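The lines below spell out each chain.
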Amino acid sequence: MPLQQNTIAEFEQALQKFKAAEFSFVQLCDAFFALDLTLQEQLAQEADLPENLQLKLVEEGSDEVREHLAKNRSISYVVQRTLLSSMRQKDREVCCNLAQNPAITPKIQHLLALPKEHWSWDTVFYVLAKNPALCLDVQKVLSQHSCDSARYSLAQNPILEKEIIGILSDDPYSEVRKWLASNPSISEDIMWKLATAKDDT
């Protein structure tokens, strides 16, 4: 344990020197990549790292480090967009972590919600629909999404706008309406509508 604390302390010292223009960016990167992988993952997810170092992690970090970086609430739009545009073949976990990050911008939310032609994104859509900071435009996209699991995941999100609740209450898929009925944010009128609707699917 003391060794790990010293290692993190050494990186934080390097970070302070970088901010004070006493260390070059190369020296900062060297200090980061000299860390144990577990510590790299921890800092990638939790630390407010400089944007250029975050971009370096997107380009050269391990899959695990990229997955943890995608959860970091301090990542900028540039880092979010770079993560999304430089997807590797096995990066579904990166996308899922990015999708659940409440700090992602509406633009990134929209890009994540778009149908994909390659490997299955159903899990990504499902996770995105649960995001507690989902913007109205993306709520609209997901409420009419071809992926059923995205819609019934969205139906459980307590931040739904009234317009979206109305759309989901008419969803042809009974599973969506069932999950909407358990959402604590729906009105009594919607609850009654769902309770009296025919379960035809």
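Below, the structure is looked at part by part.

Procedures and definitions
Residues numbered from 1 in each chain as written. Predicted model: local features only at pLDDT ≥ 70, side-chain atom pairs only at ≥ 80, totals over all residues. Heavy atoms only, no water. Helix = DSSP H or I, 4+ residues; strand = E, 2+ residues; numbered from the N terminus. Rg over C-alpha atoms; globule rule 2.2 N^0.38 Å. Buried < 20%, exposed > 50% of the residue type's maximum accessible area, 1.4 Å probe, protein only. Contact = heavy atoms within 4.5 Å. Areas by Shrake-Rupley, 256 points an atom, 1.4 Å probe, with all protein chains shown as cover. Salt bridge = Lys/Arg side-chain N within 4 Å of Asp/Glu carboxyl O. Core = buried A, V, L, I, M, F, W, Y, C linked by side-chain atoms within 4.5 Å. Axes fitted to C-alpha atoms, helices over the stretch in contact; angles between N-to-C directions. Parallel < 35°, antiparallel > 145°, perpendicular 65-115°, else oblique. Left-handed = near helix turned anticlockwise from the far one by under 90°. Nonpolar A, V, L, I, M, F, W, Y, C, P; charged D, E, K, R; others polar.

1. Some thoughts on the overall build of the protein chain
Right, so step 1: Counting its secondary structure elements, the protein chain contains 14 helices and zero strands.
Right, so step 2: Taken over the C-alpha trace, the protein chain has a radius of gyration of 21 Å; the compact-globule value for 201 residues is 17 Å, which it surpasses by more than 25%.
Right, so step 3: Principal axes of the C-alpha set define a box for the protein chain whose edges measure 70 × 35 × 30 Å.
Right, so step 4: A buried classification covers 42% of the 201 residues belonging to the protein chain.
Right, so step 5: By sequence separation, contacts in the protein chain at least 24 residues apart represent 56% of the contacts at least 6 residues apart.
Right, so step 6: Of the accessible surface of the protein chain, which amounts to about 10,700 Å², a share of 51% is contributed by carbon and sulfur atoms.

2. Things to note about the pattern of salt bridges
Right, so step 1: Applying the stated rule across the entire model yields six salt bridges.
Right, so step 2: Put simply, Lys-193 and Asp-170 hold a salt bridge, and the shortest N to O gap is 2.7 Å. Within this pair, whereas Lys-193 is found in helix 14 (residues 188-196), its partner Asp-170 is found in the loop between helix 12 (162-169) and helix 13 (174-181), the two being separated by 23 residues in sequence.
Right, so step 3: A relative accessible area of 33% means that Lys-193 is categorised as partly exposed.
Right, so step 4: With a relative accessible area of 52%, Asp-170 lands in the exposed category.
Right, so step 5: Glu-175 is the partner of Lys-178 in a salt bridge, and the nearest nitrogen-oxygen pair spans 3.3 Å. Of this pair, Lys-178 and Glu-175 both sit in helix 13, three residues apart, roughly one helical turn.
Right, so step 6: A relative accessible area of 48% means that Lys-178 is categorised as partly exposed.
Right, so step 7: The structure contains a network of salt bridges with shared partners spanning Asp-148, Arg-151 and Asp-171.

3. Brief notes about the nonpolar core
Right, so step 1: In terms of nonpolar packing, the biggest core is built from 55 residues, with Phe-11, Leu-98, Leu-112, Leu-128, Leu-142 and Leu-180 touching the most fellow members.
Right, so step 2: With sequence-adjacent residues up to four places away left out, Phe-11 is seen in contact with Leu-28, Ala-31, Phe-32, Leu-35, Leu-43, Leu-49 and Leu-53.

4. Let's talk about the packing of helix 13 against helix 14
Right, so step 1: For the pair helix 13 and helix 14, the least separation of the axes is 10 Å and the interaxial angle reads 140 degrees. In terms of their interaxial angle, helix 13 and helix 14 are classed as oblique. The two elements helix 13 and helix 14 meet at a crossing, and its hand is left-handed. Residue-level contacts link Arg-177, Leu-180 and Ala-181 of helix 13 to Ile-190, Met-191 and Leu-194 of helix 14.
Right, so step 2: Taken together, the residues of the contact of helix 13 with helix 14 break down into five nonpolar, no polar and one charged.

5. Here we look at the environment of Ser-146
Right, so step 1: Assignment of secondary structure puts Ser-146 in the loop between helix 10 (136-143) and helix 11 (148-154).
Right, so step 2: You can call Ser-146 exposed: its relative accessible area is 66%.
Right, so step 3: Taking C-alpha positions, Ser-146 is 33 Å from Ser-62, a pair spaced 84 residues apart along the chain.

By themselves, these are just geometric observations and shouldn't be taken as functional.
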